[in-house]
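In case you want the letters, here they are:
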Amino acid sequence: MLPLDTKAKLTNWGHAPLLKVADLAEMAVGRFPFERMALDLRSIGQKSAATAELVGLPWAGFIANQDAQLPSGRPGVVLDDRAGIVRPGDVIELQPLRSRVLVRYRRGDASNVLFATEQCNSYCMMCSQPPHDVDDAWRIEQMCELVKLIDADTPSLAISGGEPTLLGAGLNRVIGHCADRLPATPLHVLTNGRRFSAHGYAATFEAAHPALSWGVPLYGDHFCLHDYVVQSSGAFAETIKGLYALHQAGQRIEIRVVLVKPTVERLQELVRYLYRNLPFVEHVALMGIEPTGFAKAHYDDIWIDPADMADALEAAVEFLAARSMAVSLFNLPLCALSRSLWPFARQSISNWKRDYLPPCEGCLVRERCAGFFSWTTDAWTSRAIRTITHHEEGVSCEKH
Amino acid sequence: MKFRGREAFTGSRPYRLLPLRFRRLPWDPSRAFVSSMSGDWLLMEHATLERVIDRVLAADDPVLTDMEARHLIARDIDRSTLAPLLSQYKARKAYLSQGPALHIIVVSLRCHHTCSYCQVSRKPTGASSFDMSEEVANTVVERLFEWPSHTLTVELQGGEPLLHFERVHGLLSRIIERNQREHREIRFVIASTLHDLTDEQVQVLKTYNVQLSTSLDGPEALHNANRPRPERDSHARTLAGIERARATLGPGSVSALTTITRRSLEDPLAIIHEYRRRDFHSISLRPLSPYGFARKTVARTGYSIDEFLAFYRKALEIILSVNHDGYELEEGYASLLLSQLHTPFSHGYVDLRSPTGAGLGAVVYDYDGQVYPSDEARMLAAMGDTSFALGRVEESPRTWLSSPAMRRILDAGVAEALPGCSDCAYVPLCGADPIDHYARQGDPVGHRPTSDFCRKQMGMFDLLLERWELGSDADRRVLEQWALKAPRSTPSDDVSEAG
Amino acid sequence: MGTIELRFDAAIFSADVVVRTTYRYSGDFYTSVEHEATTFVVRLAPRSSTVNLALLEERFRTDALDERMREQIREETGEVHAALVTAALREAVPADDAGPTP
């Protein structure tokens, strides 16, 4: 796990902009103006110490290990960052009041997220990011700025929240920016899809970005179950209508199913429903619970040990795969899954919140295992967790 | 905001029924097959269904949840949605979205066979006056591109089309040439015995990426008895043709149909093993139709639909066991019906649609320039009944569609509106065949209780559903695989039974 | 075997239900339906000696009850059925694509 923020001493900053962390290579590429970059003095070796000429360029500021290294009178960030949380190529947000630096974009990471809003129109029992009813429309502008500082070869980017569609046309703006600056980067928006049931909204995303897709959760094959899980009457109908509207607008859709207990109880019916009613979805993700946020308050209602859903998972995956519907398992450790499901398991947990448990030491398949959310406690850990220590049947041949 | 329990989300209004149909299971009349208007379905206790309809079931009964998920009822209409039902219905009827995609061209009536049951009014091999002329062929090509369908399947048949190969070659090249500026997706199929197929012909077929459809009725004795030639070598010649075609066009280039005669009924095992021996992975067991010469010889070659169904039941067991042996073999008609049961998709088959595929999904251009909505209509005309002739190739497709023949077809062409069909639980998965009913019963609407078409469809659906429900996991896997592999519409996949 | 006669209470069974049930038997039997006061009288005469007569009355009455259920379903869902079909076909067949191009 590599955190996304760290303590910092911030000096001489007027307002606190988003900054691209630059090394000399970044300067040489010249994609970003000096005014948007902070020169990472840590990246410049002792021998070729920063020359006056280099420091004299109109950098927005400088990043160093110690005060003494900072050019005097210029904005500076002093980090105690042995872990390498902030590195050249990253985009950081400065928070002078909290004396912290937030990594808003991490170079080379496959799980960068644009955080759209804290607001949400659902109230899911297992929400890992509980919503807040605050006006954070300023985030639209910040996301647009952030997109300008993201590497053009970024492998993927997500937009999440909260509920991004609550930005209305603001979401179109952000996606439009991505289309301009990052046309080759697959862009995945996590949304409950409810707003797309409103006439015409989905159509505004036609041809919005060359590699845009939407991840929409569905927790039941009927409204009672889904509405209960998302704690919102009428949500199921809106999401379903929204999915059809998205499809009509030529959008690519992923269905995300968080494996809470009431949903697992009807998993077979749910995947049947997907096949019968939404056969156009291009991917189905069956996802382990992230044990934080609201989830912690609803342990008894939502937790089911992955070991106890083995049959349901196997049947659901087999059903979808036989019907050419791509299916993946997220957030589930390999030792808790039957061997036949391993080819479907993904390393889905972002590295900044991924950890391994003591039994993972020396585990043969750790390198391709999803691992655990950093905040996983014993109660949220399957009894099936164990070390896979030798070449059990099938391990080696499934590796490739 | 406080979290609320399940009971807070069950809705407040009573459920309502959605359009549904039911059929008691013949193998267990206390239960029923219940289908929605889009063909989603559920097997349930008949008594439970009765209680659902009479509103005497507890509101939280789990069966209501299953029924809701399959669009048989809607609880609280404010919180559920009919969008999925509508979407399923449209998917099921996707074949309506374009004009006819299957275009059958009869290049010659000549044939070297003298099959007693022939569906086609064949002529002797030397009778070149029954060949399609170049002028007619050219006009057909013009008409072909007047239809709006982006994907076209062009099927060349006879008689024996290879006897008039010059015209076959001419049509293929002219269509491709025309398509240089039309940019349609075109698939060619030739229905042929493959007798006398030459290497030169195969090279031409390869150039145009032609699929071949032939007839193989079973082992040598049965095939030769069904398909007499003076030389008594029909079976050997067909096999030689299959080998020749496969060698150049690939192992999957030839499909075969099995016409079931009275003689065939006795030995399904021999027929199926012949297919396996000849490396076919698909077999199509096809009952005789009441057309062509078949109707005249019904006493000698004919049998009842019940006899056919009994044969088919035995054959299905054999085919399943062949699959369990590890050799993949599907039965074509079962695949079609199973795809209707087990997938939400539309199929590419023109003979099982509602509205009917005749004229709407397929058009037949006869050798002499007459145009028909189906091969059956053409055969009726050959026997002197031109009730279903659409017109001539010199006229426009618009004229054909507004012909009295087409009106007669459409009047009886929607299964959901036909007596005996409208309440049938299988109707969302079935089709209307007004020309078949006219041919057999003298009336396009038809009388369902005595309809062979209906009896066959019901018998097949019942059998396949029973076999699936009562089958082992391995049986189910095979049957579902057939369903999933069956071609979908996209009308480009249209297929006919010709051959 | 001669004609079989079945009587249905018109207060419970509609003419439509009785006729639809009788239709199902019209392949194997010559049929007639008559309305006498408060009763429908159905007469079935086998068309041939091979017709299965076992439990005929029971089968017929069961089918009549099933037809009655179908009638209930039709009455309750006829409107929404028609509306759905109209909605689906309106979207499925755009006017311009309904026929061939000129």
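Only a predicted model underlies this, so the values are computations on that prediction, with no experimental measurement involved.

Taken as a whole, chain B shows an average pLDDT of 91; of its residues, 94% reach a score of 70 or greater. Here residues 490-499 of chain B is a poorly scored stretch, pLDDT under 50, and it has 39 contacts once near neighbours within four places are set aside; other chains count.

This paragraph deals with the interface of chain A and chain B. If you look at the interface, chain A gives 33 residues, while chain B gives 38 residues. Carbon and sulfur atoms make up 57% of the area that chain A and chain B hide from each other, which totals about 3,000 Å². Residue Asp40 of chain B pairs with Arg276 of chain A through a salt bridge whose shortest N-O separation is 3.8 Å. Summed over the shared surface of chain A and chain B, the number is ten residue pairs in polar contact (both at pLDDT 80 or more). Among the elements of the structure, helix H5 (223-230), helix H6 (235-248), helix H8 (267-277) and helix H10 (310-322) of chain A are those that each provide at least two residues to the side of chain A that touches chain B. Top element by residues in the side of chain A that touches chain B is H8 of chain A. It accounts for six residues. By residue class, the composition of the side of chain A that touches chain B is 16 nonpolar, seven polar and ten charged.

We now examine the pairing of strand S6 (residues 91-95) of chain A. Residue and element names in this part refer to chain A. Most of S6 is tucked away, with five of its five residues classed as buried. Here S6 shows a buried face lined by Val91, Glu93 and Gln95 and a second buried face lined by Ile92 and Leu94. Inspection of the sheet shows strand S2 (residues 18-22) paired to S6 by three bridges, in the antiparallel sense. Pairing of Lys20 across the sheet is with Val91, part of S6. Counted along the chain from S6 to the antiparallel partner strand S7 (residues 100-105), the turn is four residues long, and its residue Ser99 has a positive phi close to 55°.

Attention now moves to empty space enclosed by the protein. Counted according to the given criterion, the structure contains eight cavities of 30 Å³ or more. By volume, the second largest cavity amounts to about 200 Å³.

What follows is about the packing of H8 of chain A against helix H3 (residues 83-92) of chain B. Where H8 of chain A meets H3 of chain B, the axes come as close as 9 Å, and the angle between the chain directions of the two elements is 50°. Classified by the angle between their axes, H8 of chain A and H3 of chain B sit oblique to one another. Between H8 of chain A and H3 of chain B, the residues in contact are Tyr273, Arg276 and Asn277 of chain A and Pro84, Ser87, Gln88 and Arg92 of chain B, respectively. Grouping the constituent residues of the contact of H8 of chain A with H3 of chain B by class yields two nonpolar, three polar and two charged.

Across soluble globular proteins, you tend to see nonpolar side chains buried next to one another. Among the nonpolar cores identified, the biggest contains 121 residues, and Phe33, Ile105, Leu156, Leu285 and Tyr365 of chain B are the most heavily contacted of them. If one sorts the elements of this core by residue count, helix H11 (residues 305-324) of chain B sits on top with eleven residues. Mapping this core onto the domain boundaries places at least three of its residues in each of domain 1 (18-70 + 80-92) and domain 2 (99-388 + 485-493) of chain B. Apart from residues lying up to four places away in sequence, Phe33 of chain B is in contact with Arg21, Phe22, Arg23, Leu25, Trp41, Leu42, Leu43, Leu341, Ala425, Tyr426, Leu429 and Leu465 of chain B. If you look at the next biggest cluster of nonpolar residues, it comprises 94 residues, including Ile140, Phe236, Ile255 and Leu313 of chain A.

What counts, and where the lines are drawn
- Residues numbered from 1 in each chain as written.
- Chains lettered and ligands numbered in written order.
- Predicted model: local features only at pLDDT ≥ 70, side-chain atom pairs only at ≥ 80, totals over all residues.
- Heavy atoms only, no water.
- pLDDT = per-residue confidence, 0-100.
- Contact = heavy atoms within 4.5 Å.
- Buried area = accessible area lost by both parts, 1.4 Å probe.
- Salt bridge = Lys/Arg side-chain N within 4 Å of Asp/Glu carboxyl O.
- Polar contact = N/O pair within 3.5 Å; in protein donor to acceptor, adjacent residues only side chain to side chain.
- Helix = DSSP H or I, 4+ residues; strand = E, 2+ residues; numbered from the N terminus.
- Nonpolar A, V, L, I, M, F, W, Y, C, P; charged D, E, K, R; others polar.
- Buried < 20%, exposed > 50% of the residue type's maximum accessible area, 1.4 Å probe, protein only.
- Pairing = 2+ DSSP bridges.
- 1 Å grid on protein atoms, 1.4 Å probe; cavity = no way out; pocket = protein on both sides within 12 Å on 5 of 7 lines; lining within 4 Å.
- Points joined across faces, edges and corners; volume = space filled by probe spheres on them.
- Axes fitted to C-alpha atoms, helices over the stretch in contact; angles between N-to-C directions.
- Parallel < 35°, antiparallel > 145°, perpendicular 65-115°, else oblique.
- Core = buried A, V, L, I, M, F, W, Y, C linked by side-chain atoms within 4.5 Å.
- Domains from an automatic or database assignment.

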